[in-house]
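Structural overview for review
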Amino acid sequence: MNPDLDLTLQRTIRAPRAAVWSAWTDPDRFAKWFIPAPMVCRVDRLEARPGGALVTRMSEDGVAFVPHVDAVFLVVDEGQRIVFTNAIDSAWRPALPAPVPMTAEIVLADHPEGTDYRVVVRHGDPSAREQHEKLGFFEGWGLVTTQLAQSVE
């Protein structure tokens, strides 16, 4: 973790690690929590394997959907760790995603009260990290983590 380049979030989710893993890898479950409510998420592709696609769309009204994430999974360690990046799109092409390119690492571990849930979002330079923080990283990722917890607890 590099504090000049990375943003982190850690929570205890009061549910078994398998339930949290399923919420990350099952498209129907993923769509329920991945975008801050009241926005609606549609999962076009979720292929939880190295090189697999993560493509989502979002909607304010549940009718008109716009692109949200077009990313690729880099690491998928069953039940333990997921790493994806939007710096490469689902077709494996270099991307310049808005608002910032990032690589997100999700780590799950057993905890006496359920699951230790850790997120590290890596950026290529301090200005991208700063921009992501100013755009509401802690509020946005915090809210979807709360929604994730509510969906599995």
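As a reminder, the structure under discussion sits directly above these lines.
Notes on the structure in this doc start here. Since this is a predicted model, take the numbers as computed values, not measurements. (Residues numbered from 1 in each chain as written. Predicted model: local features only at pLDDT ≥ 70, side-chain atom pairs only at ≥ 80, totals over all residues. Heavy atoms only, no water.)

Topic: the pairing of strand β6 (residues 103–111)
Bridging between strand β5 (residues 81–85) and β6 involves five bridges; their strand directions are antiparallel. Paired with Arg81 across the two strands is Val107, which belongs to β6. Alignment of β6 against strand β7 (residues 114–122), held across nine bridges, turns out to be antiparallel. The residue of β7 that forms the bridge with Ala109 is Asp116. Counting the residues in the hairpin turn of β6 and β7 gives two residues. (Pairing = 2+ DSSP bridges. Helix = DSSP H or I, 4+ residues; strand = E, 2+ residues; numbered from the N terminus.)

Regarding the pattern of salt bridges
The full count for this structure, using the stated rule, is twelve salt bridges. For Asp110, the salt bridge identified is with Arg17, shortest N-O distance 3.1 Å. Of this pair, Asp110 sits in strand β6 while Arg17 is found in helix α1 (residues 17–25), placing the two residues 93 residues apart along the sequence. Judged by its relative accessible area of 23%, Arg17 is partly exposed. (Salt bridge = Lys/Arg side-chain N within 4 Å of Asp/Glu carboxyl O. Buried < 20%, exposed > 50% of the residue type's maximum accessible area, 1.4 Å probe, protein only.)

Description of helix α4 (residues 137–152)
Over its 16 residues, α4 runs 22 Å from end to end, which matches the ideal 22 Å to within 8%, given 1.5 Å per residue. Buried within α4 we find Phe137, Trp141, Gly142, Val144, Thr145, Gln147, Leu148, Ala149 and Val152. Considering only its buried residues, α4 is in contact with β1 (6–13), α1, β5, β6, β7 and α3 (126–134). (Expected span 1.5 Å × (residues − 1). Contact = heavy atoms within 4.5 Å.)

Quick look at the sheet that holds β5
Ordered by their spatial adjacency, seven strands build an open sheet running β1-β7-β6-β5-β4-β3-β2, and the pairing between neighbours is antiparallel. Two strands bound the open sheet, and with one partner strand each, they are β1 and β2 (40–46). Between one strand axis and the next, the sheet turns through 20° on average, direction left out of account. Judged from the eight bridges that link them, β1 and β7 form a sheet pairing that is antiparallel. Counterpart to Leu9 in the pairing with β7 is Val119. The sheet strands contacting α1 are β1, β2, β4 (66–77), β5, β6 and β7, and the helix crosses β6 at an angle near 155°. Contacts from α4 reach β1, β5, β6 and β7 within the one sheet, and its direction differs from that of β1 by about 25°. (Axes fitted to C-alpha atoms, helices over the stretch in contact; angles between N-to-C directions.)

Overview of the side chain of Ser59
By the element assignment, Ser59 lies in strand β3 (residues 53–59). Side-chain polar atoms of Ser59 contact the side chain of Asp61, separated by 2.9 Å. When sequence neighbours within four positions are dropped, the list of residues in contact with Ser59 reads Met39, Val40, Ala64 and Phe65. (Polar contact = N/O pair within 3.5 Å; in protein donor to acceptor, adjacent residues only side chain to side chain.)

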